[in-house]
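Structure at a glance
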Amino acid sequence: QMDVRRSRTTNSKLITSLSTDNGRIQIPAPETGEILLAMAPEDTAELPPGDYFYDVVIYRTTTHPDGSTGKEVVRLLEGNFVIRQGVTDV
């Protein structure tokens, strides 16, 4: 899962989310660790100029000593990006 927000806090407004459930994340070869992130051009065109923050996490099933299972969140990647408004009239 990858969430994009305007600040680093989880309580800030969620701008967009990518996941295997919504088809925006694909894992073509899990054994190599390759992950493909994809957004349609019309989705990225709707993002207003500004600073954005993201992280990419996976959920790993864990087994506890008592035999019960749970999910562990593993952060693979995090960072930020900037969308700048164009200045050329096209």
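Residues numbered from 1 in each chain as written. Predicted model: local features only at pLDDT ≥ 70, side-chain atom pairs only at ≥ 80, totals over all residues. Heavy atoms only, no water.

On any regular strand, side chains alternate: one points to one face of the sheet, the next to the other face. Here strand 1 (residues 2-5) pairs with strand 5 (residues 50-63) via four bridges, running antiparallel. What sits directly across from Val4, in strand 5, is Tyr54. Judged from the 14 bridges that link them, strand 5 and strand 6 (residues 69-83) form a sheet pairing that is antiparallel. Directly across from Asp51, in strand 6, lies its bridge partner Val82. Two successive antiparallel strands, strand 5 and strand 6, enclose a turn made up of five residues, where Gly67 displays a positive phi of approximately 95 degrees. (Pairing = 2+ DSSP bridges. Helix = DSSP H or I, 4+ residues; strand = E, 2+ residues; numbered from the N terminus.)

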